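Given next are the chains, with one letter for each unit.
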Amino acid sequence: MDFLLSGITSITIPQLIMYAIGILLIYLAIEKGFEPALLLPMGFGAILVNLPLSGVLNQTLSGLGETEGIIQWLFHVGIETSEALPLLLFIGIGAMIDFGPLLSNPIMLLFGAAAQFGIFFTLTVATLLGFNLADAASIGIIGAADGPTSILVSLLLNSKYVGAIAVAAYSYMALVPLVQPMAIRLVTTKKERLIRMPYNPVAVSKRIKIIFPILVTFIAGMVAPMSVALVGFLMFGNLLRECGVLNSLSETAQDSLANLITLLLGLTISFSMRADKFVTWETLLIMCLGLVAFVFDTIGGVMFAKIINLFRKNKINPMIGAAGISAFPMSARVVQKMAIKEDPTNHLLMHAIGANVSGQIASVVAGGIIIGLVSGLL
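The notes below deal with the structure included here. This one's a predicted model, so the numbers in the text were calculated from it and none came from an experiment. (Residues numbered from 1 in each chain as written. Predicted model: local features only at pLDDT ≥ 70, side-chain atom pairs only at ≥ 80, totals over all residues. Heavy atoms only, no water.)

The subject of this paragraph is a nonpolar patch on the surface. On the surface, a cluster of nonpolar side chains totalling about 810 Å² of accessible area is made up of Ile208, Ile211, Ile214, Leu215, Phe218, Ile219, Met222 and Val223. With respect to the helices, strands and loops of the structure, Met222 is situated in helix H14 (residues 206–223). Judged by relative accessible area, Met222 falls into the exposed class, the value being 68%. (Patch = residues over 30% accessible without salt bridge, like charges linked within 9 Å, V, L, I, M, F, W, Y side chains within 5 Å. Areas by Shrake-Rupley, 256 points an atom, 1.4 Å probe, with all protein chains shown as cover. Salt bridge = Lys/Arg side-chain N within 4 Å of Asp/Glu carboxyl O. Helix = DSSP H or I, 4+ residues; strand = E, 2+ residues; numbered from the N terminus. Buried < 20%, exposed > 50% of the residue type's maximum accessible area, 1.4 Å probe, protein only.)

Now the structure itself:
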């Protein structure tokens, strides 16, 4: 009985807070459907790693000596040492993406670049608020709306806030349908949201679809060498999809591999959600800065579209710019729903999809640029 009571009495207030956060994440995953594949394992993992003397963490036990905990081992092997889990997930993501809408309308590639503005804006703000450069850059990358990229960048830059950054990144990805419409309405008029864009796609050959991922890898390697692992795995997954001779592997990457890695990544990243590391004022500030990054990425894409319209006869609906973030395909769906709400006959989905898939490329390139720039300055 004393053994049981000692476990209960050793629970701290910060651990109780983490239990509440874990339960909240599970609730959002199950009841609200917010990124359940990630938030549910993260929420359950947050409970596991904060139980007193938790067996999922390494510890020294009387009579047994040093023992290895599974979550700490997975974190060390799968994330800390090799960054294997986030990178392998990019193969599955790449296999899911059809770059056809982007290739048939290449101007959409510009919106993916413009919608990374929030990353660099938030990096600057975080630095002014007292975070060191590595932590500020890791916080800024939350704006990419790309969880694996956020985890990878914060790990490579040795940020102290990997857990908070991961939670913020995935939380705001899940909240795309709530956050983006507010940001879009903030900087657009009803007249702009009513702009119609006929969709006249240019036929894209299979050869072009095969060349594209190879070419992007070469270009990214020359422009931002530190992005090669990110871009390369994403493009390799897409090459599996488009080559036409590895259909079973493509389907495995899209389904089994992506689901398994997502599950393991969610559980493993919870190692960084231990109460002593997570329950701090800095975590709350990071959540706020992550929202700033996300909102300004959205605004950056919209404002870029408005600037382009100053020089175009055939206007672009500025909402398309908001789809330039990496949250695929949620952001494109948000733009479509907003367009239909303003005018039930205005269909922007394929334009938005083109911008959205360009955001996948732009976010990983931005991550590589951040790693290269910051590592060169440290």
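Following the structure, the description resumes.
Attention now goes to the packing of helix H20 (residues 330–342) against helix H21 (residues 349–377). One can describe the packing of H20 onto H21 by two numbers: an axis separation of 8 Å at closest approach and a directional angle of 150°. Taken together, the axes of H20 and H21 lie roughly antiparallel to each other. Our pair here, H20 against H21, has a crossing hand that is right-handed. For the pair H20 and H21, the contacting residues are Met330, Ser331, Ala332, Arg333, Val335 and Gln336 in the first and Leu349, Ala352, Ile353 and Asn356 in the second. Class assignment for the residues of the contact of H20 with H21 results in six nonpolar, three polar and one charged. (Axes fitted to C-alpha atoms, helices over the stretch in contact; angles between N-to-C directions. Parallel < 35°, antiparallel > 145°, perpendicular 65-115°, else oblique. Left-handed = near helix turned anticlockwise from the far one by under 90°. Contact = heavy atoms within 4.5 Å. Nonpolar A, V, L, I, M, F, W, Y, C, P; charged D, E, K, R; others polar.)

Within helix H15 (residues 228–243), the full set of buried residues consists of Leu230, Val231, Gly232, Leu234, Met235, Gly237, Asn238, Leu240, Glu242 and Cys243. Against the buried residues of H15 lie helix H5 (84–96), helix H10 (147–156), H14, helix H16 (247–269) and H21. Just downstream of H15, Gly244 is the residue with a positive phi angle, here 85°.

An α-helical turn contains 3.6 residues, so any two residues separated by three or four positions project in the same direction. Over its 29 residues, H21 extends 41 Å from the first C-alpha to the last, a length consistent with the 42 Å expected when each residue adds 1.5 Å. Burial runs high along H21: 21 of the 29 residues are buried. (Expected span 1.5 Å × (residues − 1).)

The subject of this paragraph is the nonpolar core. Across soluble globular proteins, you tend to see nonpolar side chains buried next to one another. Within the largest apolar cluster, 98 residues are counted, with the highest numbers of intra-cluster contacts made by Phe99 and Ile320. Ranked by residues supplied to this core, first place goes to helix H11 (residues 162–174) with 11 residues. Grouped together as the second largest cluster of nonpolar side chains are 12 residues, Ala137, Ala144, Leu157 and Ala366 included. (Core = buried A, V, L, I, M, F, W, Y, C linked by side-chain atoms within 4.5 Å.)

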